[in-house]
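# Remarks on the overall topology
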2 protein chains.
Amino acid sequence: MSDKPQNDTGQRLQTLSAIFAPRSVAVVGASDTVSKIGGIPVDFMKRFGYAGRVLPVNPKQTTVQGLPAFPSLQAIGEPVDLAIFAIPASLSRAALEDAVAAGVKGVVMFTSGFAETGDDGAGQQAELTAIARRGGVRLLGPNCLGFMNVGEQLYATFSPAPASGQVRHGPIGLVSQSGAFGAYAYALARERGIGLSHWITTGNEADIDFADCVEWLAHDPQTRVIMGYMEGCRNGPRLRQALAAAQAARKPVVIVKVGRTEAGAKAAASHTAALAGNDAVYDAVFREYGVHRAKDITEFFGVAAAAAIGGLPRDASLGLFTVSGGVGVLMADEASQAGLDLRPMPDTAQATIREWVPFAAPTNPVDITGQVTNDATLIERTARLMLDQGGYASWIGFLAAAGTAERFWPVLESLVTNLRRDYPDKLLALSTLLTPARRQALEALGCMVFSEPTEAVRTVSALARLAQRLDAPVVPADEPAPPLSLPARVLNEPESLAALAQAGLRVVPHALVHSADEAVAAAGHLGSAVVLKIVSADILHKSDAGGVVLNLQGAEAVRDGYARLMAAVHQNVPQARLDGVLVAPMVDRHGTECLLGVQRDPVFGPMVMFGLGGVFVETLHDVVLRPAPVGLDQAHEMIRATKAHALLAGARGREPADLDLLAQQIVALSRFAVACGDTLESVDINPFMALPASRGGGCAVDAVVIGRAPDEQEPA
Amino acid sequence: MSDKPQNDTGQRLQTLSAIFAPRSVAVVGASDTVSKIGGIPVDFMKRFGYAGRVLPVNPKQTTVQGLPAFPSLQAIGEPVDLAIFAIPASLSRAALEDAVAAGVKGVVMFTSGFAETGDDGAGQQAELTAIARRGGVRLLGPNCLGFMNVGEQLYATFSPAPASGQVRHGPIGLVSQSGAFGAYAYALARERGIGLSHWITTGNEADIDFADCVEWLAHDPQTRVIMGYMEGCRNGPRLRQALAAAQAARKPVVIVKVGRTEAGAKAAASHTAALAGNDAVYDAVFREYGVHRAKDITEFFGVAAAAAIGGLPRDASLGLFTVSGGVGVLMADEASQAGLDLRPMPDTAQATIREWVPFAAPTNPVDITGQVTNDATLIERTARLMLDQGGYASWIGFLAAAGTAERFWPVLESLVTNLRRDYPDKLLALSTLLTPARRQALEALGCMVFSEPTEAVRTVSALARLAQRLDAPVVPADEPAPPLSLPARVLNEPESLAALAQAGLRVVPHALVHSADEAVAAAGHLGSAVVLKIVSADILHKSDAGGVVLNLQGAEAVRDGYARLMAAVHQNVPQARLDGVLVAPMVDRHGTECLLGVQRDPVFGPMVMFGLGGVFVETLHDVVLRPAPVGLDQAHEMIRATKAHALLAGARGREPADLDLLAQQIVALSRFAVACGDTLESVDINPFMALPASRGGGCAVDAVVIGRAPDEQEPA
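Here is what the cut-offs are and how they apply
- Residues numbered from 1 in each chain as written.
- Chains lettered and ligands numbered in written order.
- Predicted model: local features only at pLDDT ≥ 70, side-chain atom pairs only at ≥ 80, totals over all residues.
- Heavy atoms only, no water.
- Contact = heavy atoms within 4.5 Å.
- Buried area = accessible area lost by both parts, 1.4 Å probe.
- Salt bridge = Lys/Arg side-chain N within 4 Å of Asp/Glu carboxyl O.
- Polar contact = N/O pair within 3.5 Å; in protein donor to acceptor, adjacent residues only side chain to side chain.
- Helix = DSSP H or I, 4+ residues; strand = E, 2+ residues; numbered from the N terminus.
- Nonpolar A, V, L, I, M, F, W, Y, C, P; charged D, E, K, R; others polar.
- Axes fitted to C-alpha atoms, helices over the stretch in contact; angles between N-to-C directions.
- Parallel < 35°, antiparallel > 145°, perpendicular 65-115°, else oblique.
- Left-handed = near helix turned anticlockwise from the far one by under 90°.
- Least-squares fit on C-alpha atoms with pLDDT ≥ 70 in both.
- Buried < 20%, exposed > 50% of the residue type's maximum accessible area, 1.4 Å probe, protein only.
- Arc of directions from axis to C-beta.
- Core = buried A, V, L, I, M, F, W, Y, C linked by side-chain atoms within 4.5 Å.
- Domains from an automatic or database assignment.

### Let's talk about the interface of chain B and chain A
With 56 residues of chain B at the interface, the matching set in chain A holds 56 residues. With both sides pooled, the region where chain B packs onto chain A buries about 4,300 Å², and carbon together with sulfur makes up 61% of that total. Viewed at the interface, chain A and chain B are joined by 2 salt bridges. Of the charged contacts in the structure, one is a salt bridge between arginine 458 of chain A and aspartate 296 of chain B, with a shortest N-O distance of 2.9 Å. Where chain B touches chain A, the interface holds 12 residue pairs in polar contact (both at pLDDT 80 or more). Among the secondary structure elements, those contributing two or more residues to the side of chain B that touches chain A are helix 5 (179-191), helix 10 (297-310), helix 11 (325-337), helix 16 (453-471) and helix 20 (615-618) of chain B. Here the side of chain B that touches chain A takes 9 residues from helix 11 of chain B, the largest share from any one element. Partitioning the side of chain B that touches chain A into residue classes produces 27 nonpolar, 15 polar and 14 charged.

Written as structure tokens, this is what we have:
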């Protein structure tokens, strides 16, 4: 372990180390037939040279594949770190009890027929989990393909994939919730020459889950980059903890999470929930911890392999070198779209390049032209000039098909060797056509190689973003607010506004009244044109019920408005219980309507939302989501992340809204959400009217807070 | 030629055929040294077996590489279709005159040192072009890598790329404006086993340009798919003609056009021009002719190769087959985002699949699970069921790493053979890991193969869009409007409104007045609250100058408003010449502000623009662009293509705007633009107030038309 983790975490990691890097492995259900589930692990470990003890367990045999076999785990008579269960579901319970009695630290269960088959199976699985927990045994699976420790040639898997060729040993740890995908990814990694430290599939996750594996890899000194394939997550806080551990260890995490377009499918009752589908929550969480979410398998392997080969760049500055002007433009297009910094070469350096090649384009991209075919030294000379004087953190050289020319190979090899030696902190990439063997040779020297120049640019951009996020981990709010407990119901408008005001949010001045006289008095007190709004838990859509009367100026108008409102409500919703009428000033027309909200995600807890109101949210879905707590910098970043944020910053000749105040409101809302914990279902402030500082900066005009009964605590 | 093209086009194509498929080739500057520019083409044609006559021209030798050499083209004494110039720039003029005298049909000039070097070179190039035009010789280049006719082993190139291995012969014609990119693309095509019919680089395009080559390939019976690499275009109408020819021939065109992010760089003076950068014009033109614009080189080759292998699907319906549930979701995510139709399997077919595999997911994706490893016949059985009963136009099967298992190859081979035979009109794709040779074997059978499942989905989506566009070529406006000629100046508001009204657009009722009395009378006539606006060519920003007074109701208010307006204008812009005051009714508040515009693109002529007004255009750049003329269906499609179009269709409880009227306005504006030809610089209708049909459907509220002096006609 590279760091010294504390207490719980330390205990957890130590147990997992006994599983993922065991000194001894028992195979329960071990078989002489090397193609059988119980034969494959024994065969692979023998054949590929696992250095620890392999202990077959099979009550019917005295030897398995030439190794002495034991009738049970207890019969082994020495400590067993890991037991592999290659047995039918019906025998699992007895074997697990045997494992507990034998003091086994961890069990990998290949066995299927549990939760994936329905309620009966889920019940049996829960029983196994309970036995394991009571007995202090950690459990991987059931219904999984197991795992491999590539460096130690440990094959706790029945995937036949290694038989067709073993993956290279390397610094990437791969975790997959799907066995089928895991086996496919193993083959892909092998074909592409990508080196793995561990390959883990988690199956039904009765005990050890995806997050456990990520956290363990975050502390594993053999692993520098973590790849994850996810289908879902049941314990959000654990996943966040694991991702935070990886972030703290500065290990890039690249994840494929399926289900992007399910967004909105789980739309909950509240308005804001419908705007931010479930999948957007994963995006927000991944973003929080600097995870790169890959959109497809190519990107999944591409970014992870690049991070393993080249490391992360210092910043987003990029020097582009090309032998074709057009491809230079293509790369510049991509770089500019990807937000990379294509700062120009200094004038003196440009002059030097022009001396070398009069028709070169010396700015950035530097197009040295086909002249390289006459003078191959131009490549390294130019690269050095760019790295020295341009000061780029990353450098990409496009060399067209030069890599296919035999005579050019020594040039490439010495180029990469020399640049790597003299610029160890720079990220280097080449785009040219090479045989797989030569590509891997350059990669082994620490230079990324791409056949596609724009993929090189996209990958550098992904690494620069990863670096930025890993260098700037999220700062949580200074100190958590004292816990609050909300009632398990919809708070009416004055209750909602009061709760938010108490949490430090700016809310519109208002009064709750119960008669026309009180309304007139309150309006007089507010001293401006007012709006009257009915307050009733039974009326969801106030306007539709005639429960809103706008723009009343003067006592007579207020009195008359009150009468009209009550008449309309009595007529339209005669059954509704009424809690009074809210009196508030008319909204400042100079403002920009915003939406501030919180929605409790069943997996990840409170998510804070910000968007520009009305059409932007409803038609353009221009809403930004972050898991609470949200710090002030993040709040500003949330505002800037909306497409329409220019409206707040003073577009179309408006006075800019008070963005500092707005960001503070988001932070206060986030603190409120954290304080309420799981007694909060949602907050919907719509609109929050954002105003220029000269007009007070704005306030919440309408709000609904919904409380909920807290979950029963699961026994730890 | 597959079609009989008419007149001009026919003549043009015939001459190009003499170049691209010549019966005899002279090489001027032919050399014995096979690595020299003048040696390479002779060597390749001899070595690879060009069947036509190769005629070296070299006044200093009697033979070149064993072939009899001639002192000049005229000395050959027999007709020469094509002459390759591998000579210095200084000898080019004499050689071209020799070619004219010898009756050569076409010349390929490798020679550099012309327009690419500056004004002098450009002047010399113009002289060569003039000589060629006068002499009836077509010219490819100068400063190009030449071309290859792959099927005939004709090498009119000095690219050494074929020496490292020849590209396969196939149905894809590739045109590149860049030699460096062309050579790289040749190597890529060779490495990926992609078959080419022709490979052409166009260099400086002194005569034959990119469009000429595309048009010729559109008529070439050997070519079924066209790939193009573009850096720019000088003759927009010719490019449109060429793309239309490809569309008419139902040949997919895939183009990489560099310079995506230059958008906005060439922003012209007019407001609307700034919104639609130059590059967006290419997007609009490509879209018009169903061109697939590839975002990178992978997609460039991927889509073109897929179209060549699999053809185009009947529609966007797609059946997904998977052996991994997670990858099924990954593919479904991609398909749903790409707009493909994942219709479910019929119930009876689902029941059949459940009979075969109880835990299968039978809907679509069909996840047949790892069960295939026990029963490989499940793949073909399920595929047939899906194609028969699901009726999908395309089918993608994800088989994970199965392709790497030796025993699985016969299964794959017979699967593809059988499905191709029995479902010849369906598009088939497999995603699995295969050796290059096996991948090519399946591709030769007509099945696309991908290692990346989501790339398979994206490619099917690209092919479905290509098919849709090729099947529904753009219908131009029924009959062109009679030509109009605008004055070369900014038309003032009443002039602009009058011109548009005459062209059939709905404009706001208005009157031009020159006194308060006239204003009062006009307002009385309009019968509602009115706005007064100053009319002056010298005042660009009317509101800033105090030249707009809103919401005047009644004679007194109008009289007073007129006085205020004139006073403000006299004070703020005392020098301005005034043309009067425009009186118009106040705008209906129930409308949605739209932007309708035309901007003359220097390359492609009038581009029609539509967007929702105000913040949508200015902050979100939500503008759609199409080259004129625009038909009614296209106009509707333009409206739907805006992100905010839901606002017009009745979002947020509004009454929907009259979309038919709005589309008619776009068509009328487009006809106006075409009628004005190059006397029109721009039209900016901002806003066009779109209203529900019940409120009259809307009208142009403010408009500026800018005329221009027409270009001098170039001599044809």
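Further notes follow.
### A word on the packing of helix 5 of chain B against helix 10 of chain B
All names here are of chain B. Viewed as axis vectors pointing N to C, helix 5 and helix 10 meet at an angle of 55°, and their least axial separation amounts to 12 Å. By the angle between their axes, helix 5 is oblique relative to helix 10. The two elements helix 5 and helix 10 meet at a crossing, and its hand is right-handed. Touching Phe181, Tyr184, Ala185, Leu188 and Ala189 of helix 5 are Ile297, Phe300 and Phe301, all from helix 10. Looking at side-chain class alone, the contact of helix 5 with helix 10 contains 8 nonpolar, no polar and no charged residues.

### Some details on the relation of the copies chain B and chain A
Taken as rigid bodies, chain B and chain A are interconverted by a rotation of 180° and an axial shift of 0.0 Å, the fit giving an RMSD of 0.1 Å. Here the transformation between the copies is reduced to the relation of a two-fold axis. In terms of C-alpha distance to the rotation axis, chain B has phenylalanine 616 of chain B as its closest residue, with the C-alpha 4.9 Å off the axis.

### Points about unusual backbone geometry
With an omega of 10°, the peptide bond between asparagine 364 of chain A and proline 365 of chain A qualifies as cis. When you line up the elements, proline 365 of chain A lands in the loop between helix 12 (347-356) and strand 16 (366-367). Between alanine 628 of chain B and proline 629 of chain B the backbone carries a cis peptide bond, its omega angle lying at 0°. Residue placement: proline 629 of chain B occurs in the loop between strand 26 (623-627) and helix 21 (632-641). Despite not being glycine, glutamine 153 of chain B shows a phi value in the positive range, around 55°. Relative to the elements of secondary structure, glutamine 153 of chain B occurs in the loop between strand 8 (146-149) and strand 9 (154-157).

### Notes on the packing of helix 18 (residues 516-526) of chain A against helix 19 (residues 555-572) of chain A
The relative placement of two packed helices comes down to the angle between their axes together with the axis-to-axis distance. Residue and element names in this part refer to chain A. With their axes 9 Å apart at the nearest point, helix 18 and helix 19 run at an angle of 140° to one another. As summarised for this structure, helix 18 and helix 19 are arranged oblique, according to the angle between their axes. The handedness of the crossing between helix 18 and helix 19 is right-handed. Where helix 18 abuts helix 19, its residues Ala516, Asp517, Ala519, Val520 and Ala523 lie against Ala555, Val558, Arg559 and Tyr562. Among the residues forming the contact of helix 18 with helix 19, the class breakdown is 7 nonpolar, no polar and 2 charged.

### Overview of the pattern of salt bridges
Between side chains of opposite charge, pairing is possible as soon as their charged atoms come close. Applying the stated criterion to the full structure yields 83 salt bridges over all chains. Residues arginine 559 of chain B and aspartate 517 of chain B are paired through a salt bridge, measuring 2.7 Å at the closest nitrogen-oxygen approach. Note that arginine 559 of chain B is positioned in helix 19 (residues 555-572) and aspartate 517 of chain B in helix 18 (residues 516-526), a separation of 42 residues in sequence. Connected via shared salt-bridge partners are Arg12, Arg133, Arg138, Asp207, Asp212, Glu215 and Arg238 of chain A.

### What to know about the side chain of glutamine 665 of chain A
Within the secondary structure, glutamine 665 of chain A sits in helix 22 (residues 659-676). When near neighbours in sequence (up to four residues on either side) are disregarded, glutamine 665 of chain A contacts Gly504, Leu505, Arg506, Leu596 and Phe688 of chain A.

### Some points on helix 18 of chain A
Residue and element names in this part refer to chain A. Of the positions making up helix 18, those classed as buried are Ala516, Ala519, Val520, Ala522 and Ala523. The buried residues of helix 18 all sit within an arc of 165° when viewed along its axis, so they share a single face. More than 90 degrees from the buried face of helix 18, the exposed residues found are Asp517, Gly524 and His525.

### Structural notes on the side chain of glutamate 215 of chain B
Residues and elements named next belong to chain B. With respect to the helices and strands, glutamate 215 occurs in helix 6 (residues 210-219). Overall, glutamate 215 belongs to the buried group, its relative accessible area being 2%. A distance of 2.9 Å separates polar atoms of two side chains, one belonging to glutamate 215 and the other to arginine 12. If we skip the residues at most four places from it in the chain, glutamate 215 touches Thr9, Arg12, Leu13, Arg238, Gln241, Ala242 and Ala245.

### Comments concerning the nonpolar core
Core analysis: the largest hydrophobic core is formed by 306 residues, its most contacted members being Phe147, Leu243 and Phe301 of chain A together with Phe147, Leu243 and Phe301 of chain B. If we skip the residues at most four places from it in the chain, leucine 243 of chain B touches Val214, Val253, Ile255, Val285, Phe286, Tyr289 and Val291 of chain B. One finds Leu491 and Leu669 of chain A together with Leu612 and Ala690 of chain B within the second-largest nonpolar core, a separate group that totals 97 residues.

### Structural notes on the domain arrangement of chain A
Residue and element names in this part refer to chain A. With domains assigned, chain A is organised as domain 1 (1-158), domain 2 (161-310), domain 3 (311-471), domain 4 (509-585) and domain 5 (592-707). Each of domain 2 and domain 3 has a C-alpha centre, and the two are 30 Å apart. The interface of domain 2 with domain 3 comprises 19 residues on the first partner and 19 residues on the second. Taken together, the connections running from domain 2 to domain 3 amount to 0 salt bridges. If you look at where domain 2 meets domain 3, you find 4 residue pairs in polar contact (both at pLDDT 80 or more). Examining the composition of the side of domain 2 that touches domain 3, we find that 7 residues originate from one element, helix 10 (residues 297-310), more than from any other. For the side of domain 2 that touches domain 3, the class distribution of residues is 7 nonpolar, 7 polar and 5 charged.

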